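# Structural description and commentary
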There are 2 protein chains.
Amino acid sequence: MPGEDCHFPDWLPARAMGCRALLLLPFLSFGAAMMIQLGPKSFGSEYFPTNPTSDPAVANNYSVLYFQQKVDHFGFYNSRTFKQRYLIADKHWKANGGTILFYTGNEGDIVWFCNNTGFMWDVAKELKAMLVFAEHRYYGESLPFGEESFKDAQHLDFLTSEQALADFAELIKHLKRTVPGAKNQPVIAIGGSYGGMLAAWFRMKYPHLVVGALASSAPIWQFDDLVPCGVFMKIVTEDFRKSSPQCSESIRRSWKAINRHSTTGSDLQWLTKTFHLCSPLNFEDITTLKEWLSETWVNLAMVDYPYEASFLQPLPAWPVTVVCQYLKNPNVSDTVLLQNIFQALNIYYNYSGQAQCLNISQTATSSLGATGWGYQSCTELVMPICSNGVDDMFESYIWDFDKFSNDCFNQWGVKPRLNWIITLYGGKNISSHSNIIFSNGDLDPWSGGGVTKDITDTLVAINIPNGAHHLDLRASTAFDPSTVLLSRSLEVKHMKKWIADFYKNAKP
Amino acid sequence: MPGEDCHFPDWLPARAMGCRALLLLPFLSFGAAMMIQLGPKSFGSEYFPTNPTSDPAVANNYSVLYFQQKVDHFGFYNSRTFKQRYLIADKHWKANGGTILFYTGNEGDIVWFCNNTGFMWDVAKELKAMLVFAEHRYYGESLPFGEESFKDAQHLDFLTSEQALADFAELIKHLKRTVPGAKNQPVIAIGGSYGGMLAAWFRMKYPHLVVGALASSAPIWQFDDLVPCGVFMKIVTEDFRKSSPQCSESIRRSWKAINRHSTTGSDLQWLTKTFHLCSPLNFEDITTLKEWLSETWVNLAMVDYPYEASFLQPLPAWPVTVVCQYLKNPNVSDTVLLQNIFQALNIYYNYSGQAQCLNISQTATSSLGATGWGYQSCTELVMPICSNGVDDMFESYIWDFDKFSNDCFNQWGVKPRLNWIITLYGGKNISSHSNIIFSNGDLDPWSGGGVTKDITDTLVAINIPNGAHHLDLRASTAFDPSTVLLSRSLEVKHMKKWIADFYKNAKP
């Protein structure tokens, strides 16, 4: 539990350690640019709900295995190894005839991904598939240096996407060598979010090991200046505006209302009471309060699913719409506006009706993976995010790489490289690759950094109207809109084409 | 001059340091498997002739530049940088209209490659090309830790093909940013031998940076069990057998003749005298003597060019044929046979007529790059080579990876990984890539590990009958056989197609 243990090197100043902030704002750290001054936050935390299984029926149908990996695939001096955890489900596997669906694990516990990627379970029978879920190094149980993995920059030095892809490559070779009837079978990489980026990059870098990749909600272009840094918050805003323009306008006006109502001690008392906060606010908490609010709106946009679900929090169907019912009128006094904001928050944090008070140090129930992600977003996965308060409903936040870089150095003792990911993976110039599906829901803020237009016949975009963050990878439900049903069926069609081509080319 | 300085870590046992052997058998180290017990040898040395310029007319027409590279592209902890040397020749360069021909430097001084890759100079005008020759890290002047670069396994840890490819990627990005009119121009990777492997791998891993690659005499399949380990020595033998079966048979019989004539002190005196050796032989020199002979035959096969040339040594046209004139009769006494062997050696080592005696610690005049290559062939570039004395004319040598691995560990303190290169670059499963020319001469022993059949329409093999090691990359001469002229013209045709496709795809 790296995030909980909050391991930081001794030489980091206490303020920079930001352990509190780390637990406080887990998600937005994917947009760590905005918030880094308060510490690392976790994109991964979106995956850690109160209820750890969305589909208990499949939760026990896998084996847990471990594979010995080199800590450093790219050098020979460090000969240390560690155990990478992976899961296998082979109920529908057909030896010498089936396909291996390989989940390229991202920043969290692999069991959780396994339980929340129902799509793979749903298509296993049709594809006679063996399901493999590979844990990403430095997450879950796959810690290269055990409890010391996050000790300092030297121990964290092997936490990169390149090393993770190499782990996947070695694991696939191992499976082909050891699983009966797997040797000559095709493998397809599947992943969501950062895991979707890894699936796409894996097909790009190791096309000899996977016949194709399904990259769901993978913002592979949310780097450097490939897309405007404002696009993320603009999409969040648009989700609320679509529900009603009054809703996004209410949120836009709330920031100044908070600023105006946080100048005196009695202001703070009033805010604490109005938001039903568990701990009384101090003046220095106001920034944290606003970030907590921002992240709540972002999270709501990401998990705006068409059915009741328990992803980040237990939520009703279409939670943005529900929330916006309390934000119908921006033309009210500050006090009424902020009371309305509380009503909206109460949906997100207290849908179950069990909460006694709201805690601004939490937006989701677990921060597993937060430390690792904090490091990754401060090294190679630098994703610029900004807001201007005009095209979006947030306070203005300017993307300043130099400041970001210095903050990263203060926090981790290493400096990020802004361009490396593009040099390595090609940025927008990826047309020579093949067999990758990029799926995105238009409600998902990350779709702004994703591939939403076909690049070639075999590098295809699937856009899912009214889809939130990797909705297509979730288990099929009776409430799925036709758009996601169609998308999943298209995805399977592409996979079958890759498999057929594989067999055609394999013939002598 | 790493090879000459012979830097080795203090903890290596004196015997394992093998500095003498390192200077003794530079080339065969590409097949280091055979000879590692005596120390590292250099594939690279083939490139270091007595006369450092084969084409003095072009030798000064370039600028020498340096680019700051990260020592470790794959981690953030080590923030050290070093200066990579590269050369630019832009006489024919057309800004906003030309092509960048990028030589992916291999295991040696880049100036030497520049001067010995006349093909690039010859096509520069036709392609309006800027020529760039990028030095490989740990060779020439591009030493990541200066004089300490070869100090120990920790300093050598950044000497891998992956790091070298990343250097090339960063350098190309730098050129596109800084050279006027280069930003939107196509780049083609070109290399020979290990440089050819790098060119091919570069196109595979960074297809967004180069529109294609010319991989000349690149044995990308000389790994693990992709080709039989005996193929290399078989081709060497075939070259001599083609000249006359008596020739290869004479060499085959010479080993036992040496064995029979190295049992007494007077035997050694006789051998020393017969071979005109500079230093008297001891009993422990006999293995070295035979390796020196083996390497001489291998070198002759590699540089069996159709014209007088000064590559490893000054040599006549078709040197194998010339040498074989002294080896017409295997059915003679041991003493006559060995006297004939000397006559053959005398062509290779004394074509100029200046040599007073022969030195078994040399097969070429420089060992630049030997240390680096010794390390590379003991880590990721493990190329199994064996002989059986039946299908080839050499003494039997069994490929034994375990022994090889232990010897590498004794020498470098690191263990090789046999499968990594195949896991990383795909082995024979590379059909999803595009735009790579694999050219091979059938006289070249390395063609046995090369791609000699088309894989797809855009992964093409060009075979050059009567061609030796990367003959096609050498400057055009009046003595070039039509086969190599045709090959070069085909190569240019492919390049023009890549360039045309690049512009076609670049259009909006």
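Residues numbered from 1 in each chain as written. Chains lettered and ligands numbered in written order. Predicted model: local features only at pLDDT ≥ 70, side-chain atom pairs only at ≥ 80, totals over all residues. Heavy atoms only, no water.

The name recorded for chain A in an unreviewed UniProt entry is Lysosomal Pro-X carboxypeptidase, from Cricetulus griseus. Regarding chain A, the UniProt comment filed under Catalytic activity (unreviewed entry) reads as follows: "Cleavage of a -Pro-|-Xaa bond to release a C-terminal amino acid." Under the UniProt heading Subunit (unreviewed entry), the entry covering chain A gives this text: "Homodimer." (UniProt positions renumbered as here; feature names shortened; annotations may be inferred.)

Let us now look at the relation of the copies chain A and chain B. The two copies are related by a screw operation: chain A maps onto chain B through 180° of rotation and 0.0 Å of translation along the axis, at an RMSD of 0.1 Å. Here the symmetry operator amounts to a two-fold rotation axis. No C-alpha of chain A lies nearer the rotation axis than that of A:K205, which sits 2.9 Å from it. (Least-squares fit on C-alpha atoms with pLDDT ≥ 70 in both.)

Note: interface size is frequently given as the accessible area lost on complex formation between the parts. With 39 residues of chain A in contact, the opposing surface of chain B contributes 39 residues. Taken together, the two surfaces of chain A and chain B that pack against each other cover about 3,400 Å², and 57% of this comes from carbon and sulfur. At the junction of chain A and chain B, the tally comes to 0 salt bridges. Inspection of the chain A/chain B interface yields 15 residue pairs in polar contact (both at pLDDT 80 or more). Of the residues that constitute the side of chain A that touches chain B, the class distribution is 17 nonpolar, 11 polar and 11 charged. (Contact = heavy atoms within 4.5 Å. Buried area = accessible area lost by both parts, 1.4 Å probe. Salt bridge = Lys/Arg side-chain N within 4 Å of Asp/Glu carboxyl O. Polar contact = N/O pair within 3.5 Å; in protein donor to acceptor, adjacent residues only side chain to side chain. Nonpolar A, V, L, I, M, F, W, Y, C, P; charged D, E, K, R; others polar.)

Residue and element names in this part refer to chain B. Under the counting rule described, the total for this entry stands at 8 disulfides over all chains. A sulfur-sulfur separation of 2.1 Å characterises the disulfide bridge that pairs C229 with C386. Since a negative S-S torsion denotes a left-handed disulfide, the C229-C386 link at about 85° is right-handed. Of the two residues, C229 sits in the loop between β6 (212-216) and α9 (231-243) while C386 sits in the loop between α15 (370-377) and α16 (401-412), which places them 157 residues apart along the sequence. On the basis of relative accessible area, C229 is assigned to the partly exposed category, the value being 21%. Note that C278 is cross-linked by a disulfide to C357, the S-S spacing being 2.0 Å. Between C278 and C357, the S-S dihedral sits near 100°, and the bridge is therefore right-handed. With C278 in the loop between α11 (265-274) and α12 (286-302) and C357 in the loop between α14 (334-350) and α15, this pair connects stretches of sequence that are 79 residues apart. (Disulfide = S-S within 2.5 Å. Helix = DSSP H or I, 4+ residues; strand = E, 2+ residues; numbered from the N terminus. Buried < 20%, exposed > 50% of the residue type's maximum accessible area, 1.4 Å probe, protein only.)

Okay, empty space enclosed by the protein next. Counting across every chain of the model gives 11 cavities of 30 Å³ or more. Taken together, 14 residues make up the lining of the largest cavity; nearest its centre are A:F74, A:K205, A:L424, B:K205 and B:L424. Among the secondary structure elements, those contributing two or more residues to the lining of the largest cavity are α7 (161-178) and α17 (420-425) of chain A together with α7 (161-178) and α17 (420-425) of chain B. Taken together, the residues that form the lining of the largest cavity break down as 10 nonpolar, no polar and 4 charged. As a volume, the second largest cavity reaches approximately 120 Å³. The wall of the second largest cavity is formed by A:R203, A:M204, A:P207, A:S432, A:H433, A:S434, B:R203, B:M204, B:P207, B:S432, B:H433 and B:S434. (1 Å grid on protein atoms, 1.4 Å probe; cavity = no way out; pocket = protein on both sides within 12 Å on 5 of 7 lines; lining within 4 Å. Points joined across faces, edges and corners; volume = space filled by probe spheres on them.)

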